[in-house]
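# Fold and geometry: a report
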Amino acid sequence: MADTTTINAASYDAKGKKGGNVALPSEVFDGTVNMPVMHQAVKAYLANQRQGNAATKTRGFVIGGNQKPWKQKGTGRARQGSTRAPHWVGGGTVFGPTPRSYAQYVPRKVRALAKKSALNARANENALFVIESFAFDAPKTSQLISLIAELGVNGRKVLILTNGVNKNLYMSGRNIPTTHVMPYSDASTYHILWSDVVIVESGAFSADSPRDTEETEEAETQESAPRAAKKAARKSTAKKTTAKKAAAKKTTARKSAAKKTTAKKAAKKKGKK
């Protein structure tokens, strides 16, 4: 059994005034920091951003070069078959890049562990703040800049995680190069590690954690149900095939026995004659 550690974070109101410390939920903030898993998640995220459009032309795709440049013999020069061969200027490229996918898949539980580790890393550095709510009636970049300055994190890369979609806050921060606003559920390991400071809305923890567990349970049941159905179908088909084979064997045995009896009767009749 692992020791249950309580991690606290500084709490602020909507205007940026400090109100003490708040205990973070132990389901996520238990001190776990798994570096290899975070590296895998960030590497996969960056790889999935690649378009994979790099392409070169081989000698078959370069226009021209259909005619032999000069005759095979008698010129004293080396024999050549095409002006689009790879060793010619303007020729094709050998083993060049072709369009391909760089996508990498990371299992759902590994992604969850990586995100959890990133949040714990920021909490251990005292770089995670909890704010009660964001009071933005309309998009206002100056209001968000003043809030960041009040928190004392201006000049640093700030990730703001909201409780659901907050359009006014998002539009207030999209013009600030060092600030990124998104819902707590949409944050990835890359976004958390990109930032120097993470500001989380207080209601985001309670709204996200139970839903994540329910989603994972539902996803696991949805994934396991088709597999179980396929296994049951395979078993039923196997039983049917074995039953058919057994019936066929019985019928062949009966036919062979009938043939033997008829042959014996015929032999007896010939013997009597």
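Everything below is about the structure shown above.
The structure contained in this document is the topic of the report that follows. Not measured: the values here are computed from a predicted model. (Residues numbered from 1 in each chain as written. Predicted model: local features only at pLDDT ≥ 70, side-chain atom pairs only at ≥ 80, totals over all residues. Heavy atoms only, no water.)

### Overview of the overall build of the protein
Definition in use: Secondary structure is summarised from DSSP: a helix means a run of H or I of at least four residues, a strand means a run of E of at least two, and numbering begins at the N terminus for each. Taken over C-alpha atoms, the radius of gyration is set against a globule rule of 2.2 Å times the number of residues to the power 0.38. When a residue's accessible area, from a 1.4 Å probe over protein chains only, is under 20% of the maximum for its type it is buried; when over 50% it is exposed; and in between it is partly exposed. The contact rule is simple, with two residues in contact once any of their heavy atoms fall within 4.5 Å. When charges are counted, Lys and Arg contribute as positive and Asp and Glu as negative, whereas His and the chain ends are disregarded. Charge positions are represented by NZ for Lys, CZ for Arg, CG for Asp and CD for Glu.
Counting its regular elements, the protein contains 6 helices and 6 strands. N-terminal to C-terminal, the α/β element order of the protein is β-β-α-α-β-α-β-α-β-α-β-α. In terms of overall size, the protein is more extended than a compact globule, its C-alpha atoms giving a radius of gyration of 36 Å where 273 residues would be expected to give roughly 19 Å. Across its three principal directions, the C-alpha atoms of the protein cover 125 × 80 × 40 Å. Within the protein, the proportion of its 273 residues that are buried is 28%. Pairs at least 24 residues apart make up 66% of the contacts formed inside the protein by residues separated by at least 6 positions. One finds the centroid of the 48 positive side-chain charges in the protein at a distance of 36 Å from the centroid of its 19 negative side-chain charges.

### A short note on the nonpolar core
We count it as follows: Residues belong to a common nonpolar core when they are buried Ala, Val, Leu, Ile, Met, Phe, Trp, Tyr or Cys residues joined through side-chain atoms within 4.5 Å.
Among the nonpolar cores identified, the biggest contains 21 residues, and Leu-24, Phe-29, Leu-128, Leu-161, Tyr-184 and Val-200 are the most heavily contacted of them. Those elements that place two or more of their residues in this core are helix 2 (108–124), strand 3 (128–131), strand 4 (158–162), strand 6 (197–201) and helix 6 (202–272). Here the element with the most residues in this core is helix 2; it accounts for 3 residues.

### A closer look at unusual backbone geometry
Unusually for a residue other than glycine, Phe-95 sits at a positive phi of about 55 degrees. You can see Phe-95 is positioned in the loop between helix 1 (35–48) and helix 2. For Phe-95, a relative accessible area of 82% corresponds to the exposed category. Residues other than glycine seldom take positive phi values, yet Asn-126 does so here, at roughly 60 degrees. Position of Asn-126 among the secondary structure elements: in the loop between helix 2 and strand 3.

### Notes on the pairing of strand 2 (residues 18–23)
Using the following cut-off: Pairs of strands are assigned from DSSP output, requiring at least two bridges between the strands.
Buried residues are scarce in strand 2, accounting for 0 of its 6 residues. Counted along the chain from strand 1 (residues 8–12) to the antiparallel partner strand 2, the turn is 5 residues long, and its residue Gly-16 has a positive phi close to 95 degrees.

### Topic: helix 1
Under the convention used in this document: To estimate the expected span of a helix, count its residues, drop one, and scale the result by 1.5 Å. Two N or O atoms count as a polar contact when they lie within 3.5 Å, although within protein this holds only if one can serve as hydrogen donor and the other as acceptor, and sequence-adjacent residues are included solely when both atoms are side-chain atoms.
Look at helix 1: 20 Å from first C-alpha to last across 14 residues, which is about the 20 Å you get at 1.5 Å a residue. Among the residues of helix 1, those classed as buried are Val-37, Met-38, Ala-41, Val-42, Ala-44 and Ala-47. Where the residues of helix 1 are buried, they touch helix 2 and helix 5 (189–194). For helix 1, the N-terminal capping position is held by Asn-34, with its side-chain oxygen 3.4 Å away from the main-chain nitrogen of Val-37.

### What about the packing of helix 1 against helix 2?
Stated formally: Lines fitted to the C-alpha atoms define the axes, with helices restricted to the stretch that makes contact. Angles between their N-to-C directions range from 0 to 180 degrees. Roughly parallel refers to an angle under 35 degrees, roughly antiparallel to one over 145, roughly perpendicular to one between 65 and 115, and oblique to any angle outside these ranges. Crossings are sorted by hand: turned counterclockwise from the far helix by less than a right angle, the near helix makes the crossing left-handed, and turned clockwise it makes it right-handed. Note that Gly is not counted as nonpolar here; it falls among the polar residues with everything else outside the nonpolar set of Ala, Val, Leu, Ile, Met, Phe, Trp, Tyr, Cys and Pro and the charged set of Asp, Glu, Lys and Arg.
The contact between helix 1 and helix 2 brings their axes to 8 Å, and the two run at 110 degrees. Put simply, helix 1 runs roughly perpendicular to helix 2. Handedness of the helix 1/helix 2 crossing: left-handed. Contact residues: Val-37, Met-38, Gln-40 and Ala-41 in helix 1; Val-110, Leu-113, Ala-114, Ser-117 and Ala-118 in helix 2. A breakdown of the residues in the contact of helix 1 with helix 2 according to their chemical character gives 7 nonpolar, 2 polar and no charged.

### Here's the deal with the sheet that holds strand 3
Read across the sheet, 6 strands follow the order 2-1-3-6-4-5 without closing on themselves; strand pairing throughout is mixed. Either end of the sheet is taken by a strand with one partner, and the two such strands are strand 2 and strand 5 (179–183). Direction aside, the axes of adjacent strands within the sheet are offset by 25 degrees on average. Sheet topology places strand 3 next to strand 6; 4 bridges connect them, and they run parallel. Across the sheet, residue Phe-129 finds its bridge partner in strand 6, namely Ile-199.

### Considerations on the packing of aromatic side chains
Inclusion rule: Pairing of aromatic rings covers Phe, Tyr and Trp, the last through its six-membered ring, and needs centres within 6.5 Å; plane angles under 30 degrees mean stacked, over 60 mean edge-to-face, and all others mean tilted. Geometrically, a lysine NZ or arginine CZ counts as sitting over a ring once it is within 6 Å of the ring centre and also within 35 degrees of the ring normal.
Under the defined criterion, the tally for this structure stands at 5 aromatic pairs. Between Tyr-184 and Phe-205, the ring centres sit 5.5 Å apart and the planes meet at 75 degrees, which makes this aromatic pair edge-to-face. Residue Tyr-184 is located in the loop between strand 5 and helix 5, and its partner Phe-205 is located in helix 6; the two are separated by 21 residues in the primary sequence. The exposure class assigned to Tyr-184 is buried, which follows from its relative accessible area of 5%. What makes Phe-205 buried here is its relative accessible area of 9%. Through pairs of rings, three or more aromatic residues link up here, namely Phe-29, Tyr-184 and Phe-205. Against the face of Trp-70 rests Arg-77, its NZ or CZ located 4.0 Å from the ring centre. Just above the ring of Tyr-184 sits the side chain of Lys-115; from NZ or CZ to the centre is 4.7 Å.

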